[in-house]
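Architecture and fold: a report
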Amino acid sequence: MDKRNKISVVINTYNAERHLAAVLQSVKDFDEVLVCDMESTDGTLEIAREQGCRIVSFPKKNYVNAEPARTFAIQSAASPWVLVVDADEIVTPELRSYLYRRVEEPSCPAGLYIPRLNRFFGEYTRSIAYDHQLRFFKREGTVWPPHVHTFPKVDGPTERISPSAKNVRLIHLADESVSDLVRKTNSYTDDELYKRLDRHYGLWALFWRPFWRFFRNYFLKLGLLDGQAGLVRAGMDAFYQYVLVAKTIEKKKREQSK
């Protein structure tokens, strides 16, 4: 194989032993598997060593997500192409074949958004069944902003892989609970405030943004067909937006009062 078409899999970890062995098995046939660990205290590193991964370290500090370590991990990879996989995501054989086929094509874009299959309440619900993640790209020139809910900045054009491409996807093993979503809402909205520093939200935003997010997930994305799971998930997504807007307003007011 032309070395220009080699692919490294990059996995950021922190106490990720629960699904890691299965994840590593799904990516063992790539050219390189690189684990960037943030000082795990469980069996994560032992599993990575047993699977023959290359391991680099990044300080945990007070980070609540992996984004601050993403760019370091990506630039530590040995191959010109990088597939970023979370420690609870399976890469299907069809996705692997698709990626190697695409990098052989002269028309391959610099980045690909990959469909990811998600579940909630123990089932794959319609409203969140697929989301597209920009996880495959050229290593050179790629930078990942160090904040939650951001996509990497890729030097070149990007494309989306259609979810209709049979089994070409990431499979998200995590089955988030309501408790997980409440915990993440508080920590993630704190981290996401940086995106809202130039926003001037008022009373209307407190109503409109949660309403639109609920409407989109429950009606447009057919969450209503998922029964209780669809209703709860749409409500939690609306709640996230309400908390984010409220925290943004609070931060602005506190700054103005100084």
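Above this text you will find the structure in question.
The structure contained in this document is the topic of the report that follows. Since we're looking at a predicted model, the values are computed, not measured.

A look at the packing of helix 6 (residues 203-220) against helix 7 (residues 227-256)
Closest axis-to-axis distance for the helix 6/helix 7 pair is 8 Å, and the angle between their directions is 155°. By the angle between their directions, the pair helix 6 and helix 7 is classed as roughly antiparallel. Crossing handedness for the pair helix 6 and helix 7: right-handed. In this structure, helix 6 contributes Ala-205, Leu-206, Arg-209, Pro-210, Arg-213, Phe-214, Arg-216, Asn-217 and Tyr-218 to the contact, and helix 7 contributes Gly-230, Leu-231, Ala-234, Gly-235, Asp-237, Ala-238, Gln-241, Tyr-242, Val-245, Ala-246 and Ile-249. Residues that form the contact of helix 6 with helix 7 fall into these classes: 12 nonpolar, four polar and four charged.

Quick word on unusual backbone geometry
With phi around 60°, Glu-39 is a residue other than glycine that occupies positive phi space. Considering the arrangement of structural elements, one finds Glu-39 in the loop between strand 2 (32-37) and helix 2 (44-50). Look at Asn-167: it is not a glycine, yet its phi comes out positive at around 65°. Of note, Asn-167 is situated in the loop between strand 8 (158-160) and strand 9 (170-176). On the basis of relative accessibility, which here comes to 29%, the residue Asn-167 falls in the partly exposed class.

Focus on the environment of Gln-133
Residue position: Gln-133 is located in strand 7 (residues 130-138). Residue Gln-133 is classed as buried on the basis of its relative accessible area of 14%. Sequence separation of Gln-133 and Ile-74 is 59 residues, and the distance between their C-alpha atoms is 16 Å. Residues contacting Gln-133, with those up to four places away along its chain left out, are Leu-112, Tyr-113, Ile-114, Arg-116 and Phe-151. A polar side-chain atom of Gln-133 sits 3.1 Å from a polar atom in the side chain of Asp-131.

Quick notes on the rules
Residues numbered from 1 in each chain as written. Predicted model: local features only at pLDDT ≥ 70, side-chain atom pairs only at ≥ 80, totals over all residues. Heavy atoms only, no water. Axes fitted to C-alpha atoms, helices over the stretch in contact; angles between N-to-C directions. Helix = DSSP H or I, 4+ residues; strand = E, 2+ residues; numbered from the N terminus. Parallel < 35°, antiparallel > 145°, perpendicular 65-115°, else oblique. Left-handed = near helix turned anticlockwise from the far one by under 90°. Contact = heavy atoms within 4.5 Å. Nonpolar A, V, L, I, M, F, W, Y, C, P; charged D, E, K, R; others polar. Buried < 20%, exposed > 50% of the residue type's maximum accessible area, 1.4 Å probe, protein only. Polar contact = N/O pair within 3.5 Å; in protein donor to acceptor, adjacent residues only side chain to side chain.

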